[in-house]
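Spelled out from the first residue to the last, the chains are:
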Amino acid sequence: MLSYLLAVLAACANAAASVLQRRASRDLPSEDSLRPRLILHLLSRPVWFAGFLCVILGFVLQAAALATGSLSVVQPILVVELPVTLLLASWVFHARLHHREWLSIVGMTVGLAALLYFLAPAAGAGQEAGWKAWTVGVAANLLVVVAAVEWGRRAAPGVPGGSSRRAGAFGVAAGCQFGLTAAFMKGAMSHGEEGVGAVFATWQLYAMVAAGILAMFLLQSALHAGNLLAAQPGLTLSDPIVAILWGSFAFAETVRGGWYVVPAVAGGVLMAFSAVVLTRSPLLKGEEALIEADRMAPAGPPPPSR
(Lines give C-alpha, C1' and ligand atoms only; values in the text may rest on other atoms or scores of the structure.)
Protein backbone atom coordinates (compact mmCIF):
# COMPACT_ATOMS: atom_id res chain seq x y z
CA MET A 1 0.00 0.00 0.00
CA LEU A 2 2.93 2.36 0.63
CA SER A 3 3.99 2.21 -3.02
CA TYR A 4 0.40 3.09 -4.06
CA LEU A 5 0.36 6.17 -1.80
CA LEU A 6 3.80 7.32 -2.95
CA ALA A 7 2.80 6.90 -6.60
CA VAL A 8 -0.35 9.01 -6.10
CA LEU A 9 1.68 11.74 -4.39
CA ALA A 10 4.19 11.63 -7.26
CA ALA A 11 1.32 12.05 -9.74
CA CYS A 12 0.07 15.10 -7.81
CA ALA A 13 3.56 16.63 -7.83
CA ASN A 14 3.87 16.01 -11.58
CA ALA A 15 0.46 17.61 -12.18
CA ALA A 16 1.48 20.73 -10.26
CA ALA A 17 4.71 20.86 -12.29
CA SER A 18 2.81 20.67 -15.60
CA VAL A 19 0.46 23.51 -14.70
CA LEU A 20 3.19 25.78 -13.33
CA GLN A 21 5.52 25.17 -16.26
CA ARG A 22 2.71 25.69 -18.77
CA ARG A 23 1.93 29.01 -17.10
CA ALA A 24 5.59 29.97 -17.41
CA SER A 25 5.93 29.09 -21.10
CA ARG A 26 2.57 29.93 -22.68
CA ASP A 27 3.56 33.42 -23.89
CA LEU A 28 6.95 32.48 -25.41
CA PRO A 29 7.39 32.37 -29.22
CA SER A 30 6.34 29.06 -30.81
CA GLU A 31 9.65 28.95 -32.72
CA ASP A 32 11.48 28.25 -29.43
CA SER A 33 10.13 24.66 -29.20
CA LEU A 34 12.89 22.02 -29.26
CA ARG A 35 15.54 24.75 -29.01
CA PRO A 36 17.94 25.41 -26.10
CA ARG A 37 16.90 29.07 -25.92
CA LEU A 38 13.51 27.94 -24.63
CA ILE A 39 15.24 26.76 -21.44
CA LEU A 40 17.24 30.03 -21.26
CA HIS A 41 14.01 32.02 -21.35
CA LEU A 42 12.35 29.80 -18.76
CA LEU A 43 15.28 30.08 -16.34
CA SER A 44 14.40 33.73 -15.77
CA ARG A 45 10.87 32.93 -14.59
CA PRO A 46 10.31 32.05 -10.89
CA VAL A 47 7.07 30.18 -11.62
CA TRP A 48 9.04 27.80 -13.85
CA PHE A 49 11.46 27.13 -10.98
CA ALA A 50 8.48 26.29 -8.76
CA GLY A 51 7.36 23.79 -11.38
CA PHE A 52 10.88 22.39 -11.63
CA LEU A 53 10.97 21.81 -7.86
CA CYS A 54 7.68 19.92 -8.20
CA VAL A 55 9.31 17.76 -10.90
CA ILE A 56 12.18 16.94 -8.53
CA LEU A 57 9.71 16.09 -5.77
CA GLY A 58 7.81 13.87 -8.19
CA PHE A 59 11.02 12.04 -9.11
CA VAL A 60 11.89 11.47 -5.45
CA LEU A 61 8.41 10.14 -4.64
CA GLN A 62 8.45 7.96 -7.76
CA ALA A 63 11.84 6.52 -6.82
CA ALA A 64 10.57 5.72 -3.33
CA ALA A 65 7.49 4.06 -4.82
CA LEU A 66 9.61 1.96 -7.20
CA ALA A 67 11.85 0.92 -4.32
CA THR A 68 8.85 -0.71 -2.61
CA GLY A 69 6.66 -1.66 -5.59
CA SER A 70 6.87 -3.03 -9.12
CA LEU A 71 7.24 -0.89 -12.24
CA SER A 72 4.01 -2.27 -13.72
CA VAL A 73 2.05 -1.01 -10.69
CA VAL A 74 3.68 2.34 -9.95
CA GLN A 75 3.70 3.82 -13.46
CA PRO A 76 0.01 3.14 -14.30
CA ILE A 77 -0.99 4.90 -11.07
CA LEU A 78 0.77 8.00 -12.41
CA VAL A 79 -2.11 8.31 -14.91
CA VAL A 80 -3.85 10.06 -11.99
CA GLU A 81 -1.68 13.00 -13.05
CA LEU A 82 -4.05 13.87 -15.91
CA PRO A 83 -7.25 14.47 -13.90
CA VAL A 84 -5.28 16.20 -11.15
CA THR A 85 -3.72 18.44 -13.81
CA LEU A 86 -7.18 19.25 -15.08
CA LEU A 87 -8.38 20.24 -11.61
CA LEU A 88 -5.31 22.36 -10.93
CA ALA A 89 -5.49 24.03 -14.35
CA SER A 90 -9.11 25.02 -13.77
CA TRP A 91 -8.09 26.61 -10.47
CA VAL A 92 -4.91 28.34 -11.67
CA PHE A 93 -6.46 29.66 -14.91
CA HIS A 94 -9.81 30.48 -13.20
CA ALA A 95 -11.83 28.25 -15.53
CA ARG A 96 -14.78 26.11 -14.47
CA LEU A 97 -14.92 22.44 -15.46
CA HIS A 98 -18.07 21.12 -17.16
CA HIS A 99 -19.72 17.70 -17.41
CA ARG A 100 -17.31 16.64 -20.17
CA GLU A 101 -14.28 17.07 -17.92
CA TRP A 102 -15.85 15.58 -14.79
CA LEU A 103 -17.12 12.48 -16.63
CA SER A 104 -13.68 12.03 -18.19
CA ILE A 105 -12.03 12.23 -14.78
CA VAL A 106 -14.40 9.56 -13.45
CA GLY A 107 -13.81 7.43 -16.57
CA MET A 108 -10.04 7.57 -16.21
CA THR A 109 -10.22 6.72 -12.51
CA VAL A 110 -12.53 3.73 -13.05
CA GLY A 111 -10.48 2.56 -16.03
CA LEU A 112 -7.25 2.70 -14.03
CA ALA A 113 -8.81 0.81 -11.12
CA ALA A 114 -10.08 -1.91 -13.47
CA LEU A 115 -6.71 -2.19 -15.22
CA LEU A 116 -4.77 -2.63 -11.98
CA TYR A 117 -7.33 -4.92 -10.34
CA PHE A 118 -7.74 -7.39 -13.20
CA LEU A 119 -4.12 -7.48 -14.37
CA ALA A 120 -2.78 -7.55 -10.79
CA PRO A 121 0.84 -6.77 -11.78
CA ALA A 122 3.39 -8.44 -9.50
CA ALA A 123 7.15 -8.58 -9.20
CA GLY A 124 8.66 -11.49 -11.11
CA ALA A 125 10.88 -14.20 -9.72
CA GLY A 126 13.39 -13.88 -12.54
CA GLN A 127 16.56 -11.77 -12.57
CA GLU A 128 16.99 -8.43 -14.23
CA ALA A 129 17.66 -8.55 -17.98
CA GLY A 130 21.24 -8.53 -19.24
CA TRP A 131 23.12 -6.03 -21.38
CA LYS A 132 21.84 -7.38 -24.68
CA ALA A 133 18.18 -7.04 -23.67
CA TRP A 134 18.77 -3.55 -22.24
CA THR A 135 20.50 -2.44 -25.44
CA VAL A 136 17.69 -3.70 -27.69
CA GLY A 137 15.01 -2.23 -25.42
CA VAL A 138 16.65 1.19 -25.13
CA ALA A 139 17.18 1.37 -28.89
CA ALA A 140 13.52 0.52 -29.57
CA ASN A 141 12.36 3.04 -26.96
CA LEU A 142 14.49 5.84 -28.41
CA LEU A 143 13.32 5.00 -31.94
CA VAL A 144 9.71 5.60 -30.87
CA VAL A 145 10.73 8.89 -29.21
CA VAL A 146 12.51 10.11 -32.35
CA ALA A 147 9.56 9.08 -34.56
CA ALA A 148 7.09 11.00 -32.35
CA VAL A 149 9.28 14.11 -32.31
CA GLU A 150 9.72 14.02 -36.09
CA TRP A 151 5.97 13.61 -36.64
CA GLY A 152 5.33 16.61 -34.42
CA ARG A 153 7.96 18.76 -36.13
CA ARG A 154 6.26 18.24 -39.49
CA ALA A 155 3.18 20.08 -38.19
CA ALA A 156 3.45 23.81 -38.81
CA PRO A 157 2.43 25.85 -35.72
CA GLY A 158 0.50 28.36 -37.86
CA VAL A 159 -1.71 25.74 -39.52
CA PRO A 160 -5.10 25.08 -37.81
CA GLY A 161 -4.57 22.17 -35.42
CA GLY A 162 -0.81 22.28 -35.98
CA SER A 163 0.08 23.45 -32.48
CA SER A 164 -2.13 20.76 -30.90
CA ARG A 165 -0.50 18.09 -33.07
CA ARG A 166 2.98 19.30 -32.13
CA ALA A 167 2.12 19.40 -28.45
CA GLY A 168 0.49 15.96 -28.59
CA ALA A 169 3.40 14.37 -30.47
CA PHE A 170 6.00 15.94 -28.20
CA GLY A 171 3.90 14.81 -25.22
CA VAL A 172 3.97 11.21 -26.45
CA ALA A 173 7.74 11.47 -26.97
CA ALA A 174 8.19 12.86 -23.46
CA GLY A 175 5.95 10.13 -21.98
CA CYS A 176 7.93 7.38 -23.72
CA GLN A 177 11.17 8.94 -22.49
CA PHE A 178 9.81 9.17 -18.93
CA GLY A 179 8.86 5.48 -19.19
CA LEU A 180 12.47 4.68 -20.09
CA THR A 181 13.65 6.89 -17.24
CA ALA A 182 11.41 4.93 -14.85
CA ALA A 183 12.92 1.66 -16.10
CA PHE A 184 16.42 2.95 -15.35
CA MET A 185 15.18 4.20 -11.98
CA LYS A 186 13.73 0.79 -11.14
CA GLY A 187 17.00 -0.87 -12.17
CA ALA A 188 18.95 1.39 -9.81
CA MET A 189 16.50 1.18 -6.90
CA SER A 190 16.34 -2.62 -7.13
CA HIS A 191 19.80 -2.59 -5.52
CA GLY A 192 18.58 -0.52 -2.58
CA GLU A 193 18.62 -3.49 -0.19
CA GLU A 194 22.38 -3.71 -0.69
CA GLY A 195 22.86 -0.16 0.58
CA VAL A 196 23.08 3.38 -0.81
CA GLY A 197 26.55 2.69 -2.19
CA ALA A 198 25.20 -0.15 -4.32
CA VAL A 199 22.61 2.18 -5.85
CA PHE A 200 25.29 4.73 -6.81
CA ALA A 201 27.41 1.94 -8.26
CA THR A 202 24.75 0.93 -10.80
CA TRP A 203 25.02 2.17 -14.39
CA GLN A 204 21.23 2.59 -14.48
CA LEU A 205 21.41 5.51 -12.04
CA TYR A 206 23.51 7.60 -14.42
CA ALA A 207 21.51 6.44 -17.44
CA MET A 208 18.40 7.60 -15.52
CA VAL A 209 19.90 11.09 -15.11
CA ALA A 210 20.70 11.35 -18.83
CA ALA A 211 17.29 9.98 -19.86
CA GLY A 212 15.53 12.25 -17.37
CA ILE A 213 17.24 15.37 -18.74
CA LEU A 214 16.08 14.49 -22.26
CA ALA A 215 12.58 13.73 -20.95
CA MET A 216 12.44 17.13 -19.22
CA PHE A 217 13.54 18.89 -22.41
CA LEU A 218 10.84 17.10 -24.40
CA LEU A 219 8.28 17.93 -21.71
CA GLN A 220 9.11 21.66 -21.85
CA SER A 221 8.79 21.58 -25.66
CA ALA A 222 5.43 19.79 -25.41
CA LEU A 223 4.04 22.26 -22.86
CA HIS A 224 5.29 25.17 -24.93
CA ALA A 225 4.16 23.90 -28.35
CA GLY A 226 0.43 23.94 -27.56
CA ASN A 227 -2.19 24.13 -24.85
CA LEU A 228 -1.83 22.09 -21.69
CA LEU A 229 -4.36 19.39 -22.47
CA ALA A 230 -3.02 18.92 -25.98
CA ALA A 231 0.24 17.64 -24.50
CA GLN A 232 -1.04 16.01 -21.31
CA PRO A 233 -3.03 12.97 -22.60
CA GLY A 234 -0.21 11.58 -24.74
CA LEU A 235 2.31 12.30 -22.00
CA THR A 236 0.25 10.65 -19.28
CA LEU A 237 -0.86 7.55 -21.22
CA SER A 238 2.38 6.67 -23.04
CA ASP A 239 4.44 6.68 -19.84
CA PRO A 240 2.63 3.76 -18.08
CA ILE A 241 2.30 1.75 -21.31
CA VAL A 242 6.06 1.93 -21.91
CA ALA A 243 6.73 1.20 -18.23
CA ILE A 244 4.53 -1.94 -18.23
CA LEU A 245 6.42 -3.18 -21.30
CA TRP A 246 9.72 -2.51 -19.55
CA GLY A 247 8.49 -4.26 -16.41
CA SER A 248 7.78 -7.44 -18.37
CA PHE A 249 10.81 -7.16 -20.64
CA ALA A 250 13.57 -6.22 -18.21
CA PHE A 251 12.32 -7.23 -14.76
CA ALA A 252 10.15 -10.29 -15.51
CA GLU A 253 7.13 -8.72 -13.81
CA THR A 254 3.96 -10.72 -14.34
CA VAL A 255 0.29 -9.94 -14.95
CA ARG A 256 -2.76 -12.17 -14.80
CA GLY A 257 -3.88 -13.78 -18.04
CA GLY A 258 -6.97 -15.71 -19.13
CA TRP A 259 -10.35 -14.06 -18.85
CA TYR A 260 -8.87 -11.30 -16.65
CA VAL A 261 -7.38 -9.76 -19.79
CA VAL A 262 -10.85 -8.87 -21.17
CA PRO A 263 -11.97 -6.51 -18.34
CA ALA A 264 -8.40 -5.21 -18.03
CA VAL A 265 -8.38 -4.24 -21.71
CA ALA A 266 -11.83 -2.69 -21.24
CA GLY A 267 -10.42 -0.59 -18.40
CA GLY A 268 -7.53 0.50 -20.61
CA VAL A 269 -9.91 1.41 -23.43
CA LEU A 270 -12.04 3.43 -21.00
CA MET A 271 -8.92 5.29 -19.85
CA ALA A 272 -7.88 6.03 -23.45
CA PHE A 273 -11.40 7.09 -24.47
CA SER A 274 -11.65 9.42 -21.48
CA ALA A 275 -8.31 10.98 -22.43
CA VAL A 276 -9.52 11.51 -26.01
CA VAL A 277 -12.68 13.19 -24.70
CA LEU A 278 -10.49 15.49 -22.64
CA THR A 279 -8.56 16.50 -25.77
CA ARG A 280 -11.83 17.90 -27.14
CA SER A 281 -12.33 20.07 -24.10
CA PRO A 282 -12.60 23.85 -24.66
CA LEU A 283 -9.32 24.08 -22.76
CA LEU A 284 -7.58 22.90 -25.94
CA LYS A 285 -8.48 26.18 -27.61
CA GLY A 286 -6.78 28.10 -24.83
CA GLU A 287 -7.14 28.47 -21.09
CA GLU A 288 -9.40 31.45 -21.74
CA ALA A 289 -11.76 29.38 -23.92
CA LEU A 290 -13.28 27.60 -20.94
CA ILE A 291 -13.99 30.92 -19.29
CA GLU A 292 -15.69 32.02 -22.51
CA ALA A 293 -17.72 28.80 -22.52
CA ASP A 294 -18.81 29.56 -18.96
CA ARG A 295 -19.97 33.03 -19.99
CA MET A 296 -21.89 31.73 -23.01
CA ALA A 297 -23.54 28.84 -21.13
CA PRO A 298 -27.06 29.49 -19.75
CA ALA A 299 -26.96 30.32 -16.08
CA GLY A 300 -30.00 28.19 -15.30
CA PRO A 301 -33.75 28.01 -15.84
CA PRO A 302 -35.43 31.42 -16.16
CA PRO A 303 -37.46 32.58 -13.21
CA PRO A 304 -41.19 31.87 -13.44
CA SER A 305 -43.23 34.70 -14.95
CA ARG A 306 -45.85 36.44 -12.88
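Now for a description of the structure that goes with this document. From a predicted model like this one, the values you see are computed outputs, not experimental measurements. (Residues numbered from 1 in each chain as written. Predicted model: local features only at pLDDT ≥ 70, side-chain atom pairs only at ≥ 80, totals over all residues. Heavy atoms only, no water.)

End to end, helix α7 (residues 131-153) covers 33 Å across 23 residues, agreeing with the expected 33 Å (1.5 Å per residue, within 8%). Residues Trp134, Gly137, Val138, Asn141, Val145, Ala148, Val149 and Gly152 constitute the buried set of α7. (Helix = DSSP H or I, 4+ residues; strand = E, 2+ residues; numbered from the N terminus. Expected span 1.5 Å × (residues − 1). Buried < 20%, exposed > 50% of the residue type's maximum accessible area, 1.4 Å probe, protein only.)

Here we take up the packing of α7 against helix α10 (residues 203-225). Closest axis-to-axis distance for the α7/α10 pair is 13 Å, and the angle between their directions is 5°. Considered as vectors, α7 and α10 are oriented roughly parallel to each other. Mapping the contact onto sequence places Trp131, Trp134, Val145 and Val149 in α7 and Trp203, Gln204 and Leu218 in α10. The class makeup of the residues in the contact of α7 with α10 is six nonpolar, one polar and no charged. (Axes fitted to C-alpha atoms, helices over the stretch in contact; angles between N-to-C directions. Parallel < 35°, antiparallel > 145°, perpendicular 65-115°, else oblique. Contact = heavy atoms within 4.5 Å. Nonpolar A, V, L, I, M, F, W, Y, C, P; charged D, E, K, R; others polar.)

A surface patch of nonpolar side chains, amounting to about 280 Å² of accessible area, comprises Leu2, Leu5 and Leu9. Checked against the element boundaries, Leu2 lands in helix α1 (residues 2-25). (Patch = residues over 30% accessible without salt bridge, like charges linked within 9 Å, V, L, I, M, F, W, Y side chains within 5 Å. Areas by Shrake-Rupley, 256 points an atom, 1.4 Å probe, with all protein chains shown as cover. Salt bridge = Lys/Arg side-chain N within 4 Å of Asp/Glu carboxyl O.)

Inspection of the entire model under this criterion finds three cavities of 30 Å³ or more. Asn14, Glu81, Phe178, Leu219 and Asp239 are, among the 20 residues lining the largest cavity, the residues nearest its centre. Contributing elements (two or more residues each) for the lining of the largest cavity: α1, α3 (46-68), α8 (162-189) and α11 (228-251). Broken down by class, the residue content of the lining of the largest cavity amounts to 10 nonpolar, eight polar and two charged. (1 Å grid on protein atoms, 1.4 Å probe; cavity = no way out; pocket = protein on both sides within 12 Å on 5 of 7 lines; lining within 4 Å. Points joined across faces, edges and corners; volume = space filled by probe spheres on them.)

Now for the environment of Ser274. Among the structural elements, Ser274 can be located in helix α12 (residues 261-279). Apart from residues no more than four positions distant in its own chain, Ser274 is found in contact with Ser104, Gly107 and Met108. There is a polar contact of 2.8 Å between the side chain of Ser274 and the backbone oxygen of Leu270. (Polar contact = N/O pair within 3.5 Å; in protein donor to acceptor, adjacent residues only side chain to side chain.)

Moving on: the nonpolar core. Residues Leu71, Trp134, Phe178, Phe184, Leu219 and Trp246 are the most contacted members of the largest nonpolar core, which totals 69 residues. The biggest single contributor to this core is α8, with 12 residues. Once residues within four sequence positions are removed from consideration, Leu219 is found in contact with Gln21, Ala174, Phe178 and Leu235. (Core = buried A, V, L, I, M, F, W, Y, C linked by side-chain atoms within 4.5 Å.)

Look at helix α6 (residues 99-119): 30 Å from first C-alpha to last across 21 residues, which is about the 30 Å you get at 1.5 Å a residue. Turning to α6, its buried residues are Glu101, Ser104, Ile105, Gly107, Met108, Gly111, Leu112, Ala114, Leu115, Leu116, Phe118 and Leu119. Residue Ala120 follows α6 closely and has a positive phi angle near 45°.

This paragraph deals with the pattern of salt bridges. Using the criterion set out here, one finds two salt bridges in the structure. Note that Glu150 is salt-bridged to Arg154, the shortest N-O span being 3.6 Å. Given the relative accessible area of 33%, Glu150 is considered partly exposed. Taking the relative accessible area as the measure of exposure, Arg154 reaches 62% and is therefore exposed. Look at the salt bridges and you will find they share partners, linking Glu150, Arg153 and Arg154 into a network.

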